[in-house]
Each structure stands twice: as C-alpha cells, then as structure tokens.
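Each chain, letter by letter, is given below.
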Amino acid sequence: MNGVKKFIDEKKVHLAFELSLWCKGAFALLEIVAGVAAYFVPQQRLLTLVLWVTKKEFVEDPRDLVANLLLSTVQHLPASTEKFAAVYLLGHGVIKLWLIAGLLRERLWFYPAAMSIFGLFIVYQLYRYTFTHSVWLLLITALDVLVIVLTWHEYRYIRSERSAEKPGPLL
C-alpha cells in the first residue's frame, strides 16, 4: 500500500515538474518575442501599441493599476535600457528554452546545469528587485525557486531509477 502511495505521489510530483517546465517554456517564448520586439520596434510604436491595448481600461478606470504601470514603463524607457532589455530578454529566453528542452528529454547533465543557471537568474532577479521593486520579478523568482526544487527532486528520482535498472555484477 505504501509503495502505491509513493508511486502516485511521484506521478503528481512529476506532473508538477512538467507543468512548471511548460510554464517556464511559455514565459521563455514570450521573453524571446519581447526581446525581438524591443530590439526592432521603435519606442513610439510601442507606446502607440500600449495606448491602443489599454484604451478601454483607461476609459473604465483612469487609475487602473496595470494599465498605468504598463504605460509608465514604456514612457520612461531610455533607448540604452531598451537595447539592454532586448538583449537580456532574448538571451534569457533562449537559454531557458534550451535548458527546458533538455530537462523534458530527461538528459541527466541538464538537471545540475539548469539548477545552477536558474539559481544565477534568481540572484540577478533579486538584485534587480532592489532597484525596481517589481512584483513581476518576485513572481518570476518564486516560479524559478519552485522549478529548482522540482528539478532537484526529479534529478534524484531519475538517477535512482536508472541506477536500479542497471544490472549488478554476476556472481
């Protein structure tokens, strides 16, 4: 009975691991798209797009938090920051997508690499948080922490399963 419970729990943990990877993968794709857009789309066009997207929100509530935050961010984005953000988003997204692909394919060496790199992302995000106080950075960091914990668990589980599959020496 205990073995069945453990098996079910492992399935749930594995499902949570895969779901977290798919979420991070979706974020990574969005980062890549945002990075390309930030690099190639002029700030005025971006401002026009944000105004068009948030127009209805401003009509309903001129103090709408999300719409004002989005508008303020685009209005106060210096050109140098825009290019840095573009390169950062593109690089961050590509690296994450590459790591996630390796994890989904259960390549063992990707697990420690992903945990290390996601850990570095967390350090940088917390550093950036000290300047920006962005709630988004905290949410992304929380997801990264969850993914690292699940990755560690999955890594240990897969290693133990693979070592159990290897036949021992014949006596």
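First things first, this report covers the structure right here in the doc. Bear in mind that the values here come from a model prediction, so they are computed numbers and not experimental data. (Residues numbered from 1 in each chain as written. Predicted model: local features only at pLDDT ≥ 70, side-chain atom pairs only at ≥ 80, totals over all residues. Heavy atoms only, no water.)

On to the packing of helix H5 (residues 110–132) against helix H6 (residues 135–165), then. Helix packing for two helices is described by the angle between their axes and how far apart those axes are. Viewed as axis vectors pointing N to C, H5 and H6 meet at an angle of 165 degrees, and their least axial separation amounts to 9 Å. Relative to H6, H5 is oriented roughly antiparallel. Note on packing geometry: the crossing formed by H5 with H6 is left-handed. Counted by class, the contact of H5 with H6 contains 17 nonpolar, five polar and three charged residues. (Axes fitted to C-alpha atoms, helices over the stretch in contact; angles between N-to-C directions. Helix = DSSP H or I, 4+ residues; strand = E, 2+ residues; numbered from the N terminus. Parallel < 35°, antiparallel > 145°, perpendicular 65-115°, else oblique. Left-handed = near helix turned anticlockwise from the far one by under 90°. Nonpolar A, V, L, I, M, F, W, Y, C, P; charged D, E, K, R; others polar.)

Further remarks concern the environment of Val 41. Position of Val 41 among the secondary structure elements: in the loop between helix H1 (2–40) and helix H2 (43–60). For Val 41, a relative accessible area of 30% translates into the label partly exposed. Not counting the four nearest positions on each side in its chain, Val 41 is found in contact with Leu 46 and Glu 82. (Buried < 20%, exposed > 50% of the residue type's maximum accessible area, 1.4 Å probe, protein only. Contact = heavy atoms within 4.5 Å.)

The next subject is the layout of surface pockets. Space inside the largest pocket adds up to approximately 2000 Å³. Taken together, 43 residues make up the lining of the largest pocket; nearest its centre are Leu 70, Thr 73, Leu 89, Ser 134 and Trp 136. Within the residue set of the lining of the largest pocket, elements represented by two or more residues are H1, H2, helix H3 (65–75), helix H4 (79–104), H5 and H6. Of the residues assigned to the lining of the largest pocket, the class counts are 29 nonpolar, eight polar and six charged. (1 Å grid on protein atoms, 1.4 Å probe; cavity = no way out; pocket = protein on both sides within 12 Å on 5 of 7 lines; lining within 4 Å. Points joined across faces, edges and corners; volume = space filled by probe spheres on them.)

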